[in-house]
Amino acid sequence: MNAPLPTRREETAAQRWGRFSPIRTGEEYVDSLRNRGVRVYLFGEKIAEPVDHPIIRPSINALQATYDLAIADPELATAHSPLLNARVNRFLHIVESPQDLVLKNRMQRRMGQLTGTCFQRCAGLDTISVLHSITWDIDQKHGTPYHQRYLEFMREAQRNNVIIGAGMTDPKGDRSKRPHEQADPDLFLHVTARNDRGLYVTGAKAHMTGGLNSHWICIMPTMNMTAADRDYAVVGMVPGDAEGLTYIYGRQSCDTRALEQGDIDKGNARYGGQETLVVFDNVFIPWEHVLMDGEYEFAQPMVARFTAYHRASYVCKTGLGDVMVGAAAAIAEYNGADAASHIKDKLVEIHERRDAGQRLQAQRHPLSLRDFPPGPGPGGWPDGHPALAGGFRAGRDRSNAAQIFPGPAGYTGRKPHPHAAPDREHDSGSQRSGLPDRVPARGRLAPGPAHPDPAGHGTGAEKRLRAGACGYRDYRHGRSSGVTQPSFKPTVAMRSPSSFFTTNCTCPRETRSPTTGFWWNWRLMN
């Protein structure tokens, strides 16, 4: 364990920082990723220059936008750093106050609006905020020099304006066993050797957001540790081009479209996300960049604090929701359906779901009550409970909004079949009984004769499916929806206060759900 491994260059911290030059613009960031000699595999093939690969480049463009925003809107995307007594990119700023969290969220929402994808810097930002308090706490108990090492690293990181990735998730193997109990010790990243210059680590970090696009990777524990797991309780900073690193590039939805000719039907062609599996084969870390080594009792607090900070970053999904609302409205306008009441209703619902998570997350901005340690940085962290609740709501509602999106985006105004009904996959098993055999996929029209409405024009299948909800709404509001008013018998569930939105809309919750809503609409019309 203590014998050095002679196959790696044992660089000092100064030697590693010597390879970097300050980055000022997005273009300079892209150039900083060239000619690094990193080992990358995609589709089983080794990639010579990742920057120029058509599948990888959109993820780099998303990170480039974080530099461009700092220039275009410095009040939002930069902050004053006491470490340098100068303004730095907010993605490298150590959160110092609740106001910093508010501005961080505003910046993340703006980045979501600009890129429409994951811009890959949030995990690193949350990591550096957690490290400030964790290194301080370890030093207070064990007399270690981690906090000063951390501050020195952050000065260089801010001075060079680099990107820091977060390596937390291990492959894990048998989840019922602790790290030291695994048949393969490399399923959790761990220390393999130590000497007077530093230590070596072996293992892997999975699902690393923007791992290949980062200049530095912070490795850290993924779960609580015991005394027997000391060698797995390690935190360190590793340059992205370190010897012994191998990147296995993850897949993205529709990623091979980037390989096709032309520029039509490529989705978000300019920007994209990135996840990588990063394999560490006896990678050397100098002591100056080691921030935890065996202090296993601090692994769980670090994970918990990181979770609170990182759920505070889920507001980026609100920015993606902004893009979704705008895209749905634009497509509806192109289709000539923007004046349809049910289309407006769906857009409002996407809008409501988009903002609900951010409203809940706003509760977590006050930091927990702790004495601030000397020096810059937080003396607390966001309250974990509302942070988790807000993160869950933001992620879930974005998914639900995506289910609603095809309505306004795909409305055609075609006439429905009289027996048109929703796809069965949208209904739970207890709700399937009684549905007709002819069920069109996802609310599309089944073949059959047209069914005219009283106004004499066709009604799209999606509009017909919404007739129950909209008819009930218009019945309460005393106006006509333009379709045959459905006959219905309000049930106890529909009359209960819990079945109505807390917004001004009085439609029953059941008729607006992406799942049970289709069921209620069909029942109201039949």
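A brief structural summary. Since the model is a prediction, treat every value here as computed from it, not as a measurement. (Residues numbered from 1 in each chain as written. Predicted model: local features only at pLDDT ≥ 70, side-chain atom pairs only at ≥ 80, totals over all residues. Heavy atoms only, no water.)

Helix and strand counts for the protein stand at 16 helices and 12 strands. For the protein, buried positions account for 54% of its 526 residues. Considering only contacts within the protein whose residues lie at least 6 apart along the sequence, 73% involve residues at least 24 apart. Accessible surface, the protein as shown: approximately 23100 Å² in total, 52% of it carbon and sulfur. (Helix = DSSP H or I, 4+ residues; strand = E, 2+ residues; numbered from the N terminus. Buried < 20%, exposed > 50% of the residue type's maximum accessible area, 1.4 Å probe, protein only. Contact = heavy atoms within 4.5 Å. Areas by Shrake-Rupley, 256 points an atom, 1.4 Å probe, with all protein chains shown as cover.)

Locating D229 in the fold gives a position in the loop between strand 8 (216-219) and strand 9 (234-239). A polar contact is formed between the side chain of D229 and the side chain of H180, at a distance of 2.6 Å. (Polar contact = N/O pair within 3.5 Å; in protein donor to acceptor, adjacent residues only side chain to side chain.)

Strand pairing in a sheet takes place through backbone hydrogen bonds and is either antiparallel or parallel in direction. The four strands are arranged 5-8-9-12 in an open sheet whose pairing can be described as mixed. The two strands at the open ends of the sheet, each matched to only one other strand, are strand 5 (164-167) and strand 12 (290-293). Mean inter-strand twist for the sheet, computed between neighbouring axes without regard to direction, equals 25 degrees. Where strand 8 and strand 9 come together, four bridges link them in antiparallel fashion. Within strand 9, the residue paired with C218 across the bridge is M237. (Pairing = 2+ DSSP bridges. Axes fitted to C-alpha atoms, helices over the stretch in contact; angles between N-to-C directions.)

Below, the discussion takes up the sheet that holds strand 7 (residues 198-209). In spatial order, the strands read 2-1-10-11-7-6; together these six strands make up an open sheet with mixed pairing. The outermost strands of the open sheet, each flanked by one partner alone, are strand 2 (45-46) and strand 6 (190-194). Relative to strand 2, strand 1 (residues 40-42) is paired through two bridges, and the arrangement is antiparallel. The residue bridging L42 from the neighbouring strand is E45, located in strand 2.

Our next topic: helix 5 (residues 98-115). Its 18 residues place the ends of helix 5 26 Å apart at the C-alpha level, agreeing with the 26 Å of an ideal helix rising 1.5 Å per residue. Residues of helix 5 that are buried include every one of D100, L101, L103, K104, N105, M107, Q108, R109, M111, G112 and T115, and no others. Positive backbone phi, approximately 65 degrees, marks G116, located one or two places after helix 5. (Expected span 1.5 Å × (residues − 1).)

All chains considered together, the criterion is met by eight cavities of 30 Å³ or more. Taken as a whole, the largest cavity holds about 80 Å³ of empty space. K317, R353, R354, D397 and R398 are, among the 11 residues lining the largest cavity, the residues nearest its centre. The set of elements that each furnish at least two residues to the lining of the largest cavity consists of helix 9 (316-334), helix 10 (341-361) and helix 11 (384-404). By volume, the second largest cavity is sized at about 60 Å³. Residue lining of the second largest cavity: R8, R9, E11, R16, R19, D241, A242, E243 and F284, and that is the complete set. In terms of residue class, the lining of the second largest cavity is made up of two nonpolar, no polar and seven charged. (1 Å grid on protein atoms, 1.4 Å probe; cavity = no way out; pocket = protein on both sides within 12 Å on 5 of 7 lines; lining within 4 Å. Points joined across faces, edges and corners; volume = space filled by probe spheres on them. Nonpolar A, V, L, I, M, F, W, Y, C, P; charged D, E, K, R; others polar.)

In this section: the packing of helix 6 (residues 122-142) against helix 7 (residues 146-160). In the contact formed by helix 6 and helix 7, the axes pass within 7 Å of each other and the chain directions differ by 155 degrees. Between helix 6 and helix 7, the angle falls in the class roughly antiparallel. Within the contact between the two elements, helix 6 uses I128, L131, H132, T135, W136, I138 and D139 and helix 7 uses Y146, H147, Q148, Y150, L151 and M154. Class assignment of the residues belonging to the contact of helix 6 with helix 7 gives a composition of eight nonpolar, four polar and one charged. (Parallel < 35°, antiparallel > 145°, perpendicular 65-115°, else oblique.)

The next subject is helix 6. Spanning 21 residues, helix 6 covers 30 Å between terminal C-alpha atoms, matching the ideal 30 Å at 1.5 Å per step. The largest bend along helix 6 reaches roughly 30 degrees and is located at L131. With 17 of its 21 residues buried, helix 6 lies for the most part within the structure. (Bend = angle between axes of the 7 residues up to and from the residue.)

Turning our attention to the pairing of strand 11 (residues 275-286). Pairing analysis gives nine bridges linking strand 7 to strand 11, with the strands arranged antiparallel. Counterpart to G203 in the pairing with strand 11 is F280. Strand direction decides the pairing type here: strand 10 (residues 245-249) and strand 11, joined by five bridges, are antiparallel. Within strand 11, the residue paired with T246 across the bridge is V279.

Let us now look at the environment of T256. Summarising the element assignment, T256 is placed in the loop between strand 10 and strand 11. Overall, the relative accessible area of 35% leaves T256 in the partly exposed class. In sequence terms T256 and I55 are 201 residues apart; their C-alpha atoms lie 7.1 Å from each other. Contact partners of T256, with chain neighbours within four places excluded, come to F43 and R251.

Two elements in contact, helix 5 and helix 9, have axes separated by 7 Å at closest approach and are oriented at 35 degrees. Note that helix 5 runs across helix 9; the crossing there is right-handed. Between helix 5 and helix 9, the residues in contact are Q108, R109, G112 and Q113 and C316, T318, G319, L320, D322 and V323, respectively. Taken together, the residues of the contact of helix 5 with helix 9 break down into three nonpolar, five polar and two charged. (Left-handed = near helix turned anticlockwise from the far one by under 90°.)

Right, let's get into unusual backbone geometry. Phi at N35 takes a positive value of approximately 55 degrees, unusual for a residue other than glycine. Take N35: its relative accessible area is 72%, and that puts it in the exposed class. Here the phi dihedral of N85 falls at roughly 55 degrees; this positive angle occurs in a residue that is not glycine. Within the fold, N85 resides in the loop between strand 3 (78-81) and strand 4 (86-89).

Reported here for the largest pocket is a volume of approximately 1700 Å³. T117, C118, Q252, G273 and E275 are the residues nearest the centre of the largest pocket, which is lined by 50 residues in total. Ranked by the residues each element gives to the lining of the largest pocket, the list is headed by helix 9, at five residues. Among the residues forming the lining of the largest pocket, the class breakdown is 24 nonpolar, 18 polar and eight charged.

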